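Overview (structure and organization)
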Amino acid sequence: MKDEKQAEKKTDDDLPVHDEEGLTGLPGQDAEHLRKAEEWFIVAAQTGGADAECVLGTRYAQGAFGVVDYVKAKEWWEKAAEQNNLIAMENLGDMYQRGEEGVPQDRPRAFAWFERAAEAGLPTAMERLGLAYLSGTGTTVDVEKAKEWLIRAAENGNASAECTLGTRFYEGDFGEKDVAEAVKWWEKAAEHGDMTAMANLGAVYRNGEEGLGKDETRSLEWQIKAADIGNEAAACTMGGEYGNGVVGEPDLKKAFEWSLKAANLGDAAAMNNLGQMYRDGNGVEKDLSRAVAWFQDAAERKHSGAMANLGWAYLKGEGVGQDPKAAEHWFVQAAEAGDPEEQAALGTRYTQGAFGKVDYVKAKEWWEKAAEQNHLIAMWDLGDMYQRGEEGVPQDRRRAFAWFERAAEAGLPTAMERVGLAYLIGTGTTVDVEKAKEWLVKAAENGNASTEGSLGTRFYEGDFGEKDVAEAAKWWERAAGHGDATAMCNLGQLFCDPDLGGDEIHVDLETARKWFRDADTAGNVDAAYYLGLDALGSLGRPFETYAEWQTAFRAVNPEADSAKCILREATGWFRKTLAAHAGDTHLAGTILRWLARIARYQENSEGAKDLYRQAIEDGDENAQLELAEMESKGDSVEGPDVMAESQPSTPDMTATPAARNEAAVPPVAVAAPVVPPPADDETSRAEALFLRRARRLKRNGGRIGPDEKKELRELAAELGLSALRREELIEQVEEEYEAGTQGHL
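Quantities reported herein were computed from a predicted structural model and do not represent experimental measurements. (Residues numbered from 1 in each chain as written. Predicted model: local features only at pLDDT ≥ 70, side-chain atom pairs only at ≥ 80, totals over all residues. Heavy atoms only, no water.)

By the secondary structure assignment, Val 179 is in helix 9 (residues 179-191). Taking relative accessible area as the criterion, Val 179 reaches 8% and is therefore assigned buried. Separated by 30 residues in the primary sequence, Val 179 and Glu 209 place their C-alpha atoms 7.2 Å from one another. (Helix = DSSP H or I, 4+ residues; strand = E, 2+ residues; numbered from the N terminus. Buried < 20%, exposed > 50% of the residue type's maximum accessible area, 1.4 Å probe, protein only.)

Pasting the structure below:
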């Protein structure tokens, strides 16, 4: 809660002054008049007692006679204080607490004067004494004495002390947070006209603090009272509440009016809000020049958000000439104000070259500042930078691990995933499979969908020990529930292949179809292949020969028109898969052979032969056997070209064949057999895990296309592999398949 009464240092104008009417300043006087005025004030002080001495001290502190003279002020306040003038005592305490020219800071002496004034009955000094005991300023910390003196100050009718006391109870400075007690004292202060207390009451009633239900009516009442008597923060809050619809329906006009009032009272946040309104055209006609003017005013008052907005204006050239250097200046100013969000954002801009060139050294500098304030994304960015290594920032996997670990322990799920992976392969730390499992599970349990999916794969591949299909399915289902399309496709394969599901997952083709449909809808490019097989009645059935499939398909679809519709649907799915995996010859060969079968069934012999030949060129040996069989039978009847049919935009899955073979094996596996990677060598383990993933991609449809290469690039970065080594390993996997060796780890 805001407490305007705690500031240790006051301005000269804030010094307490007891004065006669008409003696409040001597503006516009020449040197001779000021000299004579000083003489008369001295005479008055010498004859008028303690009050006159106190006034003269204040005049010297205010520079009323031409120059500020704190030494003379101290001299006259001491004279007055020795005669028990309470204001002089407090002024001396305030001067020693601040320290001024000619009067060195002396907090124990300041405390002594506050104590003397408080014991003599001055409520404002009681408040200062209570705060001194609370913070240990000039004395030892004593919470009970702090509470005692603040209550005495408040009970003596000091509205400032009442507000301060409420804030101390709210913050829990006397022990447990006590909202009810805080509200009690804030209400007393508000009744005595304290606008900060009014604003605080508005805030607690708006938020509905513990033990205090939300009360929008009372909140609005107190905010308006505070704003009406000049509390800029309350006026700014009112602008936000009208803009966000907290007070009835959103009213941008009233939001603008309240923000303008707050800005005119000097509230920097309101100025920034006005700038945003003019920039976006909310509640007022869009005016980029006025937006920049308000941002400038707020920025000059050190509002970090306004500085950042001004930076954006210069970066984009909105309302001001485009100037990357000026943009950098204001973004740096925003970051130097101490806001970790601005520091982290500035680091990211340096990595993007927003100001003309990429600068990883400066990015690191600002990310470190943000990270030291526990900014989680900055910690993660530092870890990622050290793991990769960048220009000016050498690769340092141990330091990378340290930052990932810190972010993970602070609760960042993506960092938990990185820590788990680091423990799994020993990147920047020692291999520890149990810790790897622990951190990956924590990441997944914190709702990270990508970790849920990869965790399922790790259980399936046996990275934590024995292969665990049931646990893999559990995590894939959770990932699928969060929209992970790959996890959906993996589940579909588990439910249609007894070899993949094992004893834990029983074949259930209807469930498999459901997962493949969901995966396709969610954007998985592999699901279309399985849906194509399903349309042909081959989901879960390999149909080694054309004759086997022809017989089964004809038995289920005796009507020519029905068969043609289904064949068209299957063709659409297969063509969708081919388009998604352009350039992947292994998968293309398999799909082209199925398209050849469809053309052959439709008695389009020449089309079938052409497709068989294309499949053979892509290395499909079964296509060569089927083409030879077709040639030997003299198949030459022309028929409709199914390939010419357009792909259905939304295939009707209710039209798929009803009869399915429930004990079947699909032609594509979800994952390759797992052999543990070599131990005690960080690089070897990283390369082994990378090769395993790359080989699995080849087996899972025989593809390493653009999307898969992107996936492998990201994995290589996580594992700390160089770009050159990554491409060498991908090439190795491609060569294995071209040679037919299909190497295993």
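This is not the end of the story, as more comes after the structure.
For the rest of this paragraph, the subject is the packing of helix 22 (residues 413-425) against helix 23 (residues 433-445). Viewed as axis vectors pointing N to C, helix 22 and helix 23 meet at an angle of 160°, and their least axial separation amounts to 7 Å. Taken together, the axes of helix 22 and helix 23 are roughly antiparallel relative to one another. For the crossing formed where helix 22 meets helix 23, the hand is left-handed. Listed contacts from helix 23 to Pro 413, Met 416, Glu 417, Val 419, Gly 420, Leu 421, Tyr 423 and Leu 424 of helix 22 are Lys 435, Ala 436, Trp 439, Leu 440, Lys 442 and Ala 443. Of the residues in the contact of helix 22 with helix 23, the class split is 10 nonpolar, 1 polar and 3 charged. (Axes fitted to C-alpha atoms, helices over the stretch in contact; angles between N-to-C directions. Parallel < 35°, antiparallel > 145°, perpendicular 65-115°, else oblique. Left-handed = near helix turned anticlockwise from the far one by under 90°. Contact = heavy atoms within 4.5 Å. Nonpolar A, V, L, I, M, F, W, Y, C, P; charged D, E, K, R; others polar.)

Time to look at the packing of aromatic side chains. All chains considered together, the criterion is met by 21 aromatic pairs. When the centroid spacing of 5.7 Å and the interplanar angle of 55° are considered together, the rings of Phe 41 and Phe 65 count as tilted. Placement of the pair is Phe 41 in helix 1 (residues 31-48) and Phe 65 in the loop between helix 2 (50-62) and helix 3 (70-82), with a sequence separation of 24 residues. Looking at Phe 41, the relative accessible area reads 11%, which means it is buried. The class of Phe 65 is buried, set by a relative accessible area of 12%. Ring centres of Tyr 529 and Tyr 530 lie 5.5 Å apart, and the angle between their planes is 80°; on these two criteria the pair is classed as edge-to-face. Neither Tyr 529 nor Tyr 530 differs from the other in exposure class; each is buried. An aromatic cluster of at least three residues, connected via ring pairs, comprises Phe 516, Tyr 529, Tyr 530, Tyr 546, Trp 549, Phe 553, Phe 574, Trp 594 and Tyr 601. Seen from the ring of Trp 76, Lys 79 lies directly overhead, with NZ or CZ sitting 5.5 Å from the centre. (Phe/Tyr/Trp six-rings, centres within 6.5 Å; stacked < 30°, edge-to-face > 60°. Lys NZ or Arg CZ within 6 Å of the ring centre and 35° of its normal.)

These figures come from the coordinates and say nothing about function on their own.
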